[in-house]
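For reference, the chains in residue letters:
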Amino acid sequence: MELFTEGKIKFFAENKQTRDSKVFFNPMRDFDRDLNVIFINALGKHELRGIDLFGGSGVRGLRLASETNAFNLMRINDLKTSAIISKNVKLNTSKLKSKIDVTSFDATDIYSSKEGYDYLDIDPFGSPVRYLLQAMPKVRYGGVMALTATDGAALYGKATRAGTLKYGAKSFKTSYFNEVGLRILIKRTEEIANMYDRSVTPLFFDVRRHYLRVYFRAGKADARRKLGYIYQCTSCPNRSLMHSDHCEFCGEKNIEIGPLWLGRLFERDLVKTMYNLAQDERVKRYLQTMKGESDAVSYYTTAELASYLKSKEKSVDAYGTKTVLNDKGFRSEREFKDMLEEYRKLE
Ligand SMILES: C[S@@+](CC[C@H](N)C(=O)[O-])C[C@H]1O[C@@H](n2cnc3c(N)ncnc32)[C@H](O)[C@@H]1O
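Residues numbered from 1 in each chain as written. Predicted model: local features only at pLDDT ≥ 70, side-chain atom pairs only at ≥ 80, totals over all residues. Heavy atoms only, no water.

Undergrad: Mind showing me how you'd approach the pattern of salt bridges here?
TA: A side chain with one charge may pair with a side chain of the opposite charge, provided their charged atoms come close. Summed over the entire model, instances satisfying the criterion amount to 30 salt bridges. Note that Asp34 and Arg63 form a salt bridge whose closest N and O atoms lie 2.8 Å from each other. With Asp34 in helix 1 (residues 30-43) and Arg63 in helix 2 (residues 59-67), the pair connects residues that are 29 residues apart, well separated along the chain. With respect to burial, Asp34 and Arg63 carry one shared label: buried. The salt bridge partner of Lys337 is Glu335, with a shortest N-O separation of 3.9 Å. You can call Lys337 partly exposed: its relative accessible area is 46%. (Salt bridge = Lys/Arg side-chain N within 4 Å of Asp/Glu carboxyl O. Helix = DSSP H or I, 4+ residues; strand = E, 2+ residues; numbered from the N terminus. Buried < 20%, exposed > 50% of the residue type's maximum accessible area, 1.4 Å probe, protein only.)

Put into structure tokens, the structure is as follows:
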């Protein structure tokens, strides 16, 4: 075990992650936990009951309990690591702003508990879907849920069988594969919410490589579900949200991706508040890009346009809005042919 510091807390965890590791901790995800803290602060809520259902070392729950004033109670649960979490709680007693309760139940047992939460965090290994099924009804109306999926291969169209089985959607390797994965994850969450006569609204997201994290508000069921498909041309970069077997631009065959979420991916006002609270430069940069990002479904990359036109790649700044999902990606509200025209003019 080694002593780490992150944000305002100190904690013991293992410094190497191997198959035999007893306490999961990924220092590379400090950025995601920084965002988590700012997200909670930006909600501006108080006296919440929170649960970190997959606590690991306890770092996330402890940071939320010491770097925000949002919670009355933060429960940190983990099937295997409650002893180390308790030790880490003691190490930080003076910094905690809420009561902490350490538990060690199996996350799937949450379904039979009578308690509800205003904030529920699901951060397991792999897909969160089966835990979501049990935990969804435990998020209070108006409450917030954070969800991590680390099975990017299933969501990004690499492990197609797993994707279809777990997420009930067909993914496909595209230039905007991480957005497809994100929208499929949100679609599945909405479907599970609907089973309990609820709906979810995505508030914020954070996607790095095979790791996807989305924050939702849980609310009453909304019959105007924003689910559908993307029709991606197999020959050119063009895509459409309207059902068509062939590309309107080049006439080649389209492939149907989905079903997936076609609504907004984040709440802009909340992201603006987060930006105003942020101090760290890396976090500020991320939020700056996101708050200016258009709501157009799917982004293009400068590389795919250059390759299609067999021309030199141009700077992403010349088009639409940038996206946090790809340094060379941009969103445009324009039709593909108009966008290409613009691109050509930049020669
Ligand atoms: C990815 S780690 C959590 C990381 C942590 N949230 C963080 O930010 O560092 C997943 C944790 O879930 C725990 N776990 C696995 N299966 C579980 C289950 N069925 N119920 C509760 N905890 C479980 C593991 O012991 C592991 O510590």
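Undergrad: What am I meant to see in the site of the ligand here?
TA: Surveying the vicinity of the ligand reveals 18 residues, the closest of which are Phe54, Asp78, Asp106, Ala107 and Asp123. Arg33 has a polar side-chain atom sitting 3.2 Å from an oxygen atom of the ligand. One of the backbone N or O atoms of Ala107 is found 2.9 Å from a nitrogen atom in the ligand. Protein coverage of the free-state accessible area of the ligand, which is 610 Å², stands at 94%. The cavity that encloses the ligand is the largest pocket. Taken together, the residues of the shell around the ligand break down into nine nonpolar, three polar and six charged. (Near = heavy atom within 4 Å. Polar contact = N/O pair within 3.5 Å; in protein donor to acceptor, adjacent residues only side chain to side chain. Areas by Shrake-Rupley, 256 points an atom, 1.4 Å probe, with all protein chains shown as cover. 1 Å grid on protein atoms, 1.4 Å probe; cavity = no way out; pocket = protein on both sides within 12 Å on 5 of 7 lines; lining within 4 Å. Sits in = over half its atoms within 2 Å of the grid points. Nonpolar A, V, L, I, M, F, W, Y, C, P; charged D, E, K, R; others polar.)

Undergrad: So what exactly am I meant to see when it comes to the sheet that holds strand 11 (residues 239-240) here?
TA: Working definition: the strands of a sheet are paired by backbone hydrogen bonds and lie parallel or antiparallel to each other. Strand order in the open sheet made by the three strands is 11-10-12, with antiparallel pairing throughout. With one partner strand each, in any of the chains shown, strand 11 and strand 12 (254-261) form the two edges of the open sheet. Looking at chain direction, strand 10 (residues 227-233) and strand 11 are connected through two bridges and run antiparallel. Residue pairing across strands places Gln232 opposite Arg239, the latter belonging to strand 11. (Pairing = 2+ DSSP bridges.)

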